[in-house]
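So you can see what is in the structure, the chains are spelled out below.
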Amino acid sequence: MPTDTKRKADNDEPRADGSDYDSDGSEEPDFINVDFDFRAPEEIDFQALKRLLQQLFYTHNTKLDLSSLADNIVKTSTTQGVGTTIKIVDDEDQDPYAFVSAITLSSDKKQDSEAANSLTKYLLEVANKPSTKLVHDVIKSAASSTSTNAPVVAVLHERMVNMPPQVAPLLYKMLLEEVRASLSSTSATSPSHYLFFSRVFSADAFSDDEAMDEDDDDEPSGLAGARKRRAKLARREAKKAGAKKDAPKARAISDGMALSGVGSSDEELGLFHPEDIAISKFASHSLTYRFPPPPDASDSFEAPLFGRVALVPTEKMDALLQQIEADLSMPMQQ
């Protein structure tokens, strides 16, 4: 099911030789047409799926059995017809640019339950605080091997940063249809909630007075200019922190959309996935927690990242998908 879209041929980083992208004097970057194909996850995708999961869970990725999760994505597609990857048309050996899958949370130690057990254990761990007791209780009661409550289905979705967000509505729509078809064919109990997990970043790490001065005619271009801007930012951060040697450094993540702090004091949180706005509106329970920074966070000007968990009641899923489609639907081509 290909869909035609456009993406930048180059990223926004300065070239290694220090030259500018618009060396011909034009301001707009070049674009190329790319046809994306929606395909079922396959064995050949295992390593790429694992890397996308590492990206999704950031510095907490070592807390989960990512191999079991990646394997489960492939097996769920093969045995239940649930799950989708996005690749370039006519290049099925290419790594997927995005994936979506579903897994029923469970603490039951039975055969082939490693992926569900790993994810459930992790979610219970991050929700194990008095302030997040409601989220913890919903997951625990649904996942218990002795529980008679309806299950919770976790939606696993991640995509590369340069993927157009317009692919999200179709991915979620296909997933919900596939999950419902699978439940119907096995007469399984319908879930009480769908759990969405995503990353957000601290947009509060920057303020307007920390923005780069775009009108500075003396600032060099290319790599030299990038280094100067990074140094300028570091000095400003150090000054704000009282000129301490260990003053935190941060960088802006482009194209982030602001979301008022959810469970993270008064910080503004920026989104990697714009559909998180709709998901947060329809969620009955949610929590946001900070990931520990990577060892090189200061050197790489890494902004603080957070994990977000949102539980959406099953009866609200159709309305949620309609909202995501209204927010992100791809315009018709002329």
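Remember, predicted model here, so these are calculated numbers, not experimental data.

(A) Examining the layout of surface pockets more closely. Empty space within the second largest pocket amounts to approximately 1000 Å³. As for the second largest pocket, its lining consists of 37 residues, of which Q80, I103, T104, K110 and A116 are closest to the centre. A total of seven residues in the lining of the second largest pocket trace back to one element, the largest contributor, which is helix α2 (residues 66-80). Counted by class, the lining of the second largest pocket contains 15 nonpolar, 16 polar and six charged residues.

(B) Empty space enclosed by the protein, seen in detail. Applying the stated rule across the entire model yields three cavities of 30 Å³ or more. Its volume calculated, the largest cavity comes out at about 50 Å³. Lining the largest cavity are V155, H157, Y172, F196, F197, S198, H273, D276 and I279. Here the lining of the largest cavity takes three residues from strand β6 (residues 193-202), the largest share from any one element. Looking at the lining of the largest cavity, its residues break down into five nonpolar, three polar and one charged. In this structure, the second largest cavity spans a volume of roughly 50 Å³. What lines the second largest cavity is simply V155, Y172, L175, L176, Y194, F196, M317 and L321. Every element with two or more residues in the lining of the second largest cavity is listed here: α5 (168-186), β6 and α8 (317-328). Across the lining of the second largest cavity, the residue classes tally to eight nonpolar, no polar and no charged.

(C) Representation of the confidence of the model for the protein. Confidence in the prediction of the protein, expressed as mean pLDDT, is 79, and 68% of residues score 70 or more. The lowest-confidence element of the protein is strand β1 (residues 3-8), averaging 37 in pLDDT; the highest-confidence one is strand β5 (residues 152-159), averaging 98. Here residues 207-217 scores under 50 on pLDDT; set against residues more than four positions off or in separate chains, the count is 12 contacts. Every residue in residues 221-225 scores below 50 in pLDDT, and together they form 12 contacts with partners more than four places removed in sequence or on other chains.

(D) Region of interest: the packing of α5 against α8. Between α5 and α8, the least distance of the axes is 8 Å, while the angle of their chain directions is 160°. Accordingly, the angle class assigned to the pair α5 and α8 is roughly antiparallel. Between α5 and α8 the crossing geometry is left-handed. Residues A168, P169, Y172, K173, L176 and R180 of α5 touch α8, and the partners they reach there are M317, D318, L321, I324, E325 and L328. Considered class by class, the residues forming the contact of α5 with α8 number eight nonpolar, no polar and four charged.

(E) Highlighting the nonpolar core. Counting residues in each nonpolar core, the largest one holds 40 residues, and the members touching the most others are F57 and L119. The element that contributes the greatest number of residues to this core is helix α3 (residues 114-126), accounting for seven residues. Setting aside its immediate chain neighbours within four residues, F57 contacts L64, L66, L119, Y122, L156, F197 and F291. F36, A168, L183 and L321 belong to the second largest nonpolar core, which has 34 residues in total.

(F) Representation of helix α4 (residues 133-143). For α4, the set of buried residues is V135, H136, V138, I139, A142 and A143. Along the long axis of α4, the arc covered by the buried residues comes to 165°, so they all point the same way. Turning to α4, the residues buried within the fold contact α3, β5, β6, β9 (285-290) and β10 (305-313).

(G) View of the pattern of salt bridges. With the rule as written, the count across this model stands at 10 salt bridges. In this structure, K75 and D71 form a salt bridge, with 3.2 Å as the shortest nitrogen-oxygen distance. Of the two residues, K75 and D71 both sit in helix α2, four residues apart, roughly one turn of that helix. For K75, a relative accessible area of 42% translates into the label partly exposed. Taking relative accessible area as the criterion, D71 reaches 23% and is therefore assigned partly exposed. A salt bridge links K133 to D137; the shortest N-O distance between them is 2.6 Å. With a gap of four residues between them, K133 and D137 both fall in helix α4, about one helical turn apart.

(H) Examining the side chain of H136 more closely. Within the element layout of this structure, H136 appears in helix α4. Its relative accessible area of 14% is what places H136 among the buried residues. Excluding its chain neighbours within four sequence positions, the residues that come into contact with H136 are L124, A127 and N128.

(I) Summary view of the packing of aromatic side chains. Applying the stated rule across the entire model yields eight aromatic pairs. Aromatic pair F57 and Y122: ring centres 5.7 Å apart, planes at 85°, arrangement edge-to-face. Placement of F57 in helix α1 (residues 46-57) and of Y122 in helix α3 is noted, with a sequence separation of 65 residues between them. Just as F57 is buried, Y122 falls in that class too. Among the aromatic residues, ring-to-ring pairing joins F57, Y122 and F197 into one connected group.

Conventions and cut-offs
- Residues numbered from 1 in each chain as written.
- Predicted model: local features only at pLDDT ≥ 70, side-chain atom pairs only at ≥ 80, totals over all residues.
- Heavy atoms only, no water.
- 1 Å grid on protein atoms, 1.4 Å probe; cavity = no way out; pocket = protein on both sides within 12 Å on 5 of 7 lines; lining within 4 Å.
- Points joined across faces, edges and corners; volume = space filled by probe spheres on them.
- Helix = DSSP H or I, 4+ residues; strand = E, 2+ residues; numbered from the N terminus.
- Nonpolar A, V, L, I, M, F, W, Y, C, P; charged D, E, K, R; others polar.
- pLDDT = per-residue confidence, 0-100.
- Contact = heavy atoms within 4.5 Å.
- Axes fitted to C-alpha atoms, helices over the stretch in contact; angles between N-to-C directions.
- Parallel < 35°, antiparallel > 145°, perpendicular 65-115°, else oblique.
- Left-handed = near helix turned anticlockwise from the far one by under 90°.
- Core = buried A, V, L, I, M, F, W, Y, C linked by side-chain atoms within 4.5 Å.
- Buried < 20%, exposed > 50% of the residue type's maximum accessible area, 1.4 Å probe, protein only.
- Arc of directions from axis to C-beta.
- Salt bridge = Lys/Arg side-chain N within 4 Å of Asp/Glu carboxyl O.
- Phe/Tyr/Trp six-rings, centres within 6.5 Å; stacked < 30°, edge-to-face > 60°.

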